[in-house]
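Structure assessment
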Amino acid sequence: MADSDAELAELAGTILVVEDEVLIRLVIAQYLRECGYRVIEAVHADEALLVLRKSELEIDVVFTDVEMPGSMDGFALSQWVRSNRPGVDVILAGSVGRAVQAASELCDEGNHVPKPYDAKGVHDRIRRLLASRRPGKRDLQSTLESASLGGPVQ
Amino acid sequence: MSLEVACKPELEQDQTTVLVVEDEVLIRLMIADALRSQGITVIEASNGEEAMHVLQSAVPVQLLLTDIRMPSAVDGLALAHAARAARPALKLIVASSHEANDEVTNLADAYFSKPYELNAIVNRVKSLLKEAQHGGQ
């Protein structure tokens, strides 16, 4: 079981979740962990930058809120990632439609989710994003199913 | 004891949630990773106010591990007092770069001075969670 857990984590990847509301952050972080991802939590962009500057910490996707306290918001964090960690994808979550639309221009097509979001929708977005980056690897959902981890947590 | 010695057989999974309160993200990540590697569910809070939000919610927590000095209105000591009042059965570990005073030692189940040995923290968390599962105070 330990081997399949490790394989799942490797296949699933590492998500940096950036969210300043603790009860939202713990729900989405826990959900993604139960889906097999390694999740690193940051409260705001300043913490996220400390993590992202550690090159030994491999990050696949940054899932970040748009509006956050601190020296930069989600847009600025996205731009920083694009410039400094080009292999890392960014998904923005925001409640303001126009702002999210503008943010999407910084990211790949469709890499934004409106708030409030549901955890399964976020997982689906991450899974599609990673699947498109890793055509040689098995689809995560089939991996999860073959490992008998069951369906998404509701 | 090595971290490789799994606590999964020793601890019931649904009763092993630790709230880690630490304002330095990389230290918080290191502690959280070490505890998760032992099968313990970890909730991360970056300051006392975030921790209070968690403790005031319905989220089950068996143990609070908090730093004393944090850059927020609610420091670790105030958080510890509030946690004791709100959840009397909660196990409490306090960490600080200063010597523990009587107030801290009387309040906490365990005290660690910084810098601390990560294995020691993990082992103390596991032993306190076992106590909590068996109704020990």
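Each remark here, short or long, concerns the structure printed above.
Cut-offs and rules
Residues numbered from 1 in each chain as written. Chains lettered and ligands numbered in written order. Predicted model: local features only at pLDDT ≥ 70, side-chain atom pairs only at ≥ 80, totals over all residues. Helix = DSSP H or I, 4+ residues; strand = E, 2+ residues; numbered from the N terminus. Buried ≥ 20, exposed ≤ 12 C-beta atoms within 10 Å, placed from the backbone. Contact = placed C-beta atoms within 7 Å. Nonpolar A, V, L, I, M, F, W, Y, C, P; charged D, E, K, R; others polar. Axes fitted to C-alpha atoms, helices over the stretch in contact; angles between N-to-C directions. Parallel < 35°, antiparallel > 145°, perpendicular 65-115°, else oblique. Left-handed = near helix turned anticlockwise from the far one by under 90°. Pairing = 2+ DSSP bridges. Right-handed = clockwise from strand over helix to strand, strands pointing away. Expected span 1.5 Å × (residues − 1).

As a further point, take the overall build of chain A. Scanning chain A for helices and strands turns up seven helices and five strands. Put simply, chain A runs from its N terminus to its C terminus through helices and strands in the order α-β-α-β-α-β-α-β-α-β-α-α. In chain A, which comprises 154 residues, the proportion classed as buried is 37%. Here the analysis covers contacts within chain A between residues at least 6 apart in sequence; of these, 61% occur between residues at least 24 apart.

Next up on the list: the overall build of chain B. Assigned secondary structure in chain B consists of five helices and five strands. In sequence order, the secondary structure elements of chain B are arranged as β-α-β-α-β-α-β-α-β-α. Counting all 137 residues of chain B, 37% fall into the buried class. Long-range pairs, those at least 24 residues apart, make up 61% of the contacts in chain B with a sequence separation of at least 6.

A word on the environment of A73(B). All names here are of chain B. Relative to the helices and strands, A73 is located in the loop between β3 (63–67) and α3 (76–86). Classification of A73 as exposed rests on a count of 10 C-beta atoms within 10 Å. For A73 and A85, which are 12 residues apart along the polypeptide, the C-alpha to C-alpha distance reads 18 Å.

Attention now goes to the interface of chain A and chain B. Contacts between the two partners involve 10 residues from chain A and, on the opposite side, 11 residues from chain B. At the level of secondary structure, the elements contributing two or more residues to the side of chain A that touches chain B comprise α2 (22–34), β2 (38–42) and α3 (45–52) of chain A. Taken together, the residues of the side of chain A that touches chain B break down into eight nonpolar, no polar and two charged.

Summarising the element assignment, A82(B) is placed in helix α3. Along the primary structure A82(B) and L55(B) are separated by 27 residues, whereas in three dimensions their C-alpha atoms are 9.1 Å apart.

Let us look at the packing of α3(A) against helix α4 (residues 74–84) of chain A. Residues and elements named next belong to chain A. For the pair α3 and α4, the least separation of the axes is 10 Å and the interaxial angle reads 15 degrees. Judged on the interaxial angle alone, α4 and α3 are roughly parallel. By crossing handedness, the relation of α3 to α4 is classed as right-handed. Here α3 contributes A45, A48, L49 and L52 to the contact with α4, which in turn contributes A76, L77, W80 and V81. By residue class, the composition of the contact of α3 with α4 is eight nonpolar, no polar and no charged.

Take the packing of helix α1 (residues 25–36) of chain B against helix α5 (residues 118–133) of chain B next. All names here are of chain B. Remark: α1 packs on α5, axes separated minimally by 10 Å, with the N-to-C direction vectors making an angle of 50 degrees. By the criterion of interaxial angle, the relationship of α1 to α5 is oblique. For the pair α1 and α5, the sense of crossing is right-handed. Listed contacts from α5 to M30, I31, A34 and L35 of α1 are L118, I121, V122 and V125.

Before going further, it helps to examine the pairing of β2(A). All names here are of chain A. Most of β2 is tucked away: four of the five residues are buried. Both strand β1 (residues 14–18) and β2 contribute to a ladder of five bridges, which runs parallel. The residue of β2 that forms the bridge with I15 is V39. Running through α2, the crossover from β1 to the neighbouring parallel element β2 is right-handed.

Our focus in this paragraph is α5(B). Counting along an α-helix, one turn takes 3.6 residues, and residues three or four places apart therefore face a common direction. Residues and elements named next belong to chain B. Here α5 contains 16 residues, and its C-alpha end-to-end distance of 23 Å stays within 8% of the 22 Å for a straight helix at 1.5 Å per residue. Restricting attention to buried positions, one finds in α5 the residues V125, K126, L128 and L129. Tucked inside the fold, the buried residues of α5 contact β1 (17–21), α1, β3, β4 (91–96) and β5 (110–113). With its phi angle positive at about 80 degrees, G135 sits one or two positions after the end of α5.

Residue and element names in this part refer to chain B. Ordered by their spatial adjacency, five strands build an open sheet running β2-β1-β3-β4-β5, and the pairing between neighbours is parallel. Pairing within the sheet leaves two strands with one partner each, and these edge strands are β2 (41–45) and β5. Averaged over all pairs of adjacent strands, the angle between strand axes in this sheet comes to 15 degrees, irrespective of strand direction. Note: β3 against β4, five bridges, orientation parallel. Bridge pairing links L65 to I93 in β4. Relative to the sheet, α1 contacts β1 and β2, its axis offset from that of β2 by approximately 165 degrees.

These figures come from the coordinates and say nothing about function on their own.
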